[in-house]
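# Structural features, examined
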Amino acid sequence: MTNIAVVGCIHGDVENLMKFLDKIALLNIDILICPGDFTDFAIPKGFTRLDIGKIILEELKGLGKPVLSVPGSWDGELIDFLKKEKVGIHAEGKIIDGIGFYGYGGAKTPFNTPFEPSEGEIELGLEKSYGEVKKAEIKVQVTHAPPNRTKVDTIASGAHVGSVAVRNFIEKNQPNAAICAHIHESRGVDEIGKTKIINPGRFPEGYIGLIDINDSKITTKVTSLI
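Calculation criteria
Residues numbered from 1 in each chain as written. Predicted model: local features only at pLDDT ≥ 70, side-chain atom pairs only at ≥ 80, totals over all residues. Heavy atoms only, no water. Helix = DSSP H or I, 4+ residues; strand = E, 2+ residues; numbered from the N terminus. Buried < 20%, exposed > 50% of the residue type's maximum accessible area, 1.4 Å probe, protein only. Polar contact = N/O pair within 3.5 Å; in protein donor to acceptor, adjacent residues only side chain to side chain. Arc of directions from axis to C-beta. Contact = heavy atoms within 4.5 Å. Phe/Tyr/Trp six-rings, centres within 6.5 Å; stacked < 30°, edge-to-face > 60°. Lys NZ or Arg CZ within 6 Å of the ring centre and 35° of its normal. Pairing = 2+ DSSP bridges. Axes fitted to C-alpha atoms, helices over the stretch in contact; angles between N-to-C directions. Salt bridge = Lys/Arg side-chain N within 4 Å of Asp/Glu carboxyl O.

## A word on unusual backbone geometry
The phi torsion at H11 lies on the positive side, around 55 degrees, for a residue other than glycine. Tracing the backbone through its elements, the reader meets H11 in the loop between β1 (2-6) and α1 (14-24). Exposure remark for H11: the relative accessible area of 11% places this residue in the buried category.

## Structural notes on the environment of H90
With respect to the element layout, H90 can be found in the loop between α3 (79-84) and β4 (93-96). Through-space distance from the C-alpha of H90 to that of A181 is 14 Å; in sequence the pair is 91 residues apart. In terms of polar contacts, H90 uses its side chain to reach the backbone amide nitrogen of G105, at 3.0 Å.

## What about α1?
Considered for burial, the residues of α1 that qualify are V14, L17, F20, L21 and I24. The buried residues of α1 occupy an angular sector of 130 degrees when projected down its axis, which confines them to one face. Exposed and oriented more than 90 degrees from the buried face of α1 are E15 and D22. Of the surrounding secondary structure, the elements contacted by the buried residues of α1 are α2 (49-61) and β10 (207-214).

## Side note on the packing of aromatic side chains
Counting across every chain of the model gives six aromatic pairs. Both rings, one in F41 and one in W74, keep their centres 6.2 Å apart while their planes meet at 65 degrees; by these two values the pair is edge-to-face. Of this pair, F41 sits in the loop between β2 (31-34) and α2 while W74 sits in the loop between β3 (67-69) and α3, and the two are 33 residues apart along the sequence. When its relative accessible area of 13% is taken as the criterion, W74 is described as buried. Ring geometry for Y130 versus F169: centroids 5.6 Å apart, planes at 80 degrees, classification edge-to-face. Separated by 39 residues along the polypeptide, Y130 in helix α4 (residues 119-131) and F169 in helix α5 (residues 164-173) bring together distant segments of the chain. With respect to burial, Y130 and F169 carry one shared label: buried. Taken together, the aromatic side chains of Y102, Y130 and F169 make up a single cluster linked through ring pairs. Between R187 and the ring centre of Y207, over which it is positioned, the NZ or CZ distance is 3.6 Å.

## Quick word on the sheet that holds strand β6 (residues 138-143)
Ordered by their spatial adjacency, six strands build an open sheet running β4-β5-β6-β7-β9-β8, and the pairing between neighbours is mixed. Of all strands in the sheet, those bounded by a partner on one side alone are β4 and β8 (188-192). Each adjacent strand pair in this sheet contributes to an overall mean axis angle of 25 degrees, direction not counted. One ladder, built from five bridges, connects β8 with strand β9 (residues 195-199); its direction is antiparallel. Among the inter-strand pairings, E191 is bridged to a residue of β9, identified as K196. Across the sheet, α4 touches β4, β5 (99-104) and β6, and the angle it forms with β5 is around 160 degrees. Running over the sheet, α5 touches β5, β6, β7 (177-179), β8 and β9 and is turned about 175 degrees from β6.

## Here we look at the pattern of salt bridges
The full count for this structure, using the stated rule, is seven salt bridges. The salt bridge involving E85 is made with K61; its shortest N-O contact spans 2.8 Å. One end of the pair, E85, is in the loop between α3 and β4; the other, K61, is in helix α2, and 24 residues separate them in sequence. Overall, the relative accessible area of 30% leaves E85 in the partly exposed class. Taking the shortest distance from any N to any O, the salt bridge between E127 and K172 comes out at 3.2 Å. Here the residue E127 occupies a position in helix α4, and K172 occupies one in helix α5, the gap between them amounting to 45 residues.

This is the structure we're talking about:
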């Protein structure tokens with residue numbers, strides 16, 4: 001069995017990150033996934049987005065487990081850094097314990113954030129990264145943008161704001177699980193065909209996604225560490 005913890009949308013909140021990481025350390029976790037938004041609009045004086053990204057990644061690595069990530073809509077400056085640190089799966093695939101992880105970061109917003117790829121770019125990035133893990137028996141997709149028309153892409157007005165490209169890719173390739181983030185209020189789980197979908201919500205509020213893989217059986221849930 002492989003147990004995966006998913007922590008998303010940290011948004012530079014290092015204080016609460018550290019508090020809840022201490023609680024994750026008590027869980028039986030094999031792999032840690034971050035679907036993006038290490039940083040936020042506001043950056044502390046004297047720091048850069050890269051500085052914040054480095055601090056957060058160091059804390060995540062402190063659990064002593066493999067870490068994989070894609071950049072969020074605020075994390076355009078972190079793409080090369082995550083790749084250099086060998087944790088990035090933005091348009092890349094990596095296989096850990098026989099599980100193929102692939103993904104693409106960024107997401108559209110109304111706020112002109114630093115990294116908002118087009119639907120075409122997302123599609124091409126997912127195709128490339130999926131191709132690198134295609135032979136893996138178990139596949140897990142990681143995007144910052146949630147798939148469109150699901151329980152995990154709905155804003156307060158009830159509108160679905162997720163990515164059509166992400167949904168289409170799931171429908172076409174049916175990975176075993178698909179991790180996303182971005183829409184904090186739509187934390188939870190859903191399914192598209194045989195694919196289990198999970199949006200862990202905002203980690204500094206105490207929410208975490210958990211994925212258990214036992215052979216080809218996948219279970220997903222979002223829970224609170226408070």
